[in-house]
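# Structure assessment
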Amino acid sequence: MRDEEYMRAALAQAREASRLGEVPVGACLVKDDQIIASAHNERELRQDATAHAEMLVIQRACRRLGTWRLSGTTLYCTIEPCPMCAGAIVLARIRRVVFGADDPKAGAAGTLMDVLRCPGLNHQAQVTRGVLADECASLLSAFFEDLRRDGRDGRRRSTRNRVGG
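Scoring rules and cut-offs
- The residue numbering used here restarts from 1 in each chain and proceeds along that chain's sequence as written.
- At least 70 in pLDDT is required for a residue's local features to be given in this predicted model, at least 80 for side-chain atom pairs to be given and counted, and no such filter applies to totals for whole chains, interfaces and linings, which use all residues.
- Note that water and hydrogens are dropped before the side-chain values are worked out from all heavy atoms of the structure.
- A helix here means a DSSP run of H or I that spans at least four residues, while a strand means a run of E at least two residues long, and both kinds are numbered starting from the N terminus.
- We call a residue buried when its accessible area falls under 20% of the maximum for its residue type, exposed when it is over 50%, and partly exposed in between, using a 1.4 Å probe and counting protein chains only.
- Here a polar contact is taken to be a pair of N or O atoms separated by no more than 3.5 Å, where protein atoms must pair a possible hydrogen donor with a possible acceptor and residues adjacent in sequence count only if both atoms sit in side chains.
- Residues are treated as being in contact if the distance between any of their heavy atoms lies within 4.5 Å.
- Strands qualify as paired when DSSP identifies two bridges or more between them.
- Whether a crossover is right-handed comes down to one check: with the strands pointing away from the viewer, does the path from the first strand over the helix to the second run clockwise; if it does, it is right-handed.
- To estimate the expected span of a helix, subtract one from its residue number and multiply by 1.5 Å.
- Between N-to-C directions, angles span 0 to 180 degrees; the directions come from axes that are lines fitted to C-alpha atoms, helices contributing only their stretch in contact.
- Put simply, angles under 35 degrees are roughly parallel, angles over 145 are roughly antiparallel, angles from 65 to 115 are roughly perpendicular, and the rest are oblique.
- Classes in brief: Ala, Val, Leu, Ile, Met, Phe, Trp, Tyr, Cys and Pro nonpolar; Asp, Glu, Lys and Arg charged; the others, Gly included, polar.

## Structural notes on the side chain of Asp 3
- Relative to the helices and strands, Asp 3 is located in helix α1 (residues 2-19).
- Classification of Asp 3 as buried rests on a relative accessible area of 9%.
- Side-chain polar atoms of Asp 3 contact the side chain of Tyr 76, separated by 2.7 Å.
- Engagement of the side chain of Asp 3 in a polar contact is seen with the side chain of Arg 96, the distance being 2.6 Å.
- Setting aside chain neighbours within four positions, we find Asp 3 in contact with Tyr 76, Arg 96, Val 98, Thr 128 and Val 131.

## Digging into the pairing of strand β3 (residues 73-79)
- The element β3 is extensively covered by neighbouring structure, given that seven of its seven residues are classed as buried.
- In this structure, β3 lies alongside strand β4 (residues 96-101), joined through five bridges in parallel fashion. In the sheet register, Leu 75 faces β4, and the bridge partner there is Val 97.
- For the crossover that starts at β3, traverses helix α4 (residues 83-91) and ends in the parallel β4, the hand is right-handed.

## Side note on helix α3 (residues 53-65)
- Over its 13 residues, α3 extends 18 Å from the first C-alpha to the last, a length consistent with the 18 Å expected when each residue adds 1.5 Å.
- Inspection of α3 places Ala 53, Glu 54, Met 55, Leu 56, Val 57, Ile 58, Ala 61 and Cys 62 among the buried residues, and these make up the whole buried set.
- At its buried positions, α3 is contacted by β1 (26-31), β2 (34-40), α2 (43-46), β3 and α4.

## Overview of the packing of α1 against helix α5 (residues 133-149)
- Interhelical geometry of α1 versus α5 gives an angle of 5° and a closest axis separation of 11 Å. One element, α1, and the other, α5, form an angle in the roughly parallel class. For the pair α1 and α5, contact is made by Met 7, Arg 8, Leu 11, Ala 14, Arg 15 and Ser 18 and by Glu 135, Cys 136, Leu 139 and Phe 143, respectively.
- Residue composition of the contact of α1 with α5, by class: six nonpolar, one polar and three charged.

Shown next, in the form of structure tokens:
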């Protein structure tokens, strides 16, 4: 199934984020069966609250295509988009969103709220949830277990500021 293939590309991005000390979330945007942009979380690296994988992949795709309208595209992300990312997805006119793990704390594609299919907005996205959900959730769980085991509280320093890392 193509959804699993593209979700594996998003998972590769999430693994890279984890390697860099970022929350392991990855995303890729597909148009005409081609990945046109991919990204992972970079909040710690950039010290930017908006540097979510989905936001970065939308920015990269817009630059590559030379338009802010991403009609006819599918976004693959390893976790359910948050309200900020869901808003950007709607504004970019992304046709479809496929995600892995539900996000019970910030999910805006049906878990806490459903920004992507809100009938009052001028665009709604199709949503497919749960693609490789166990693998996506396991990556996140392992990352946060490591943080707790290492005695860190989640307020990591930027990778630029780490000594020896």
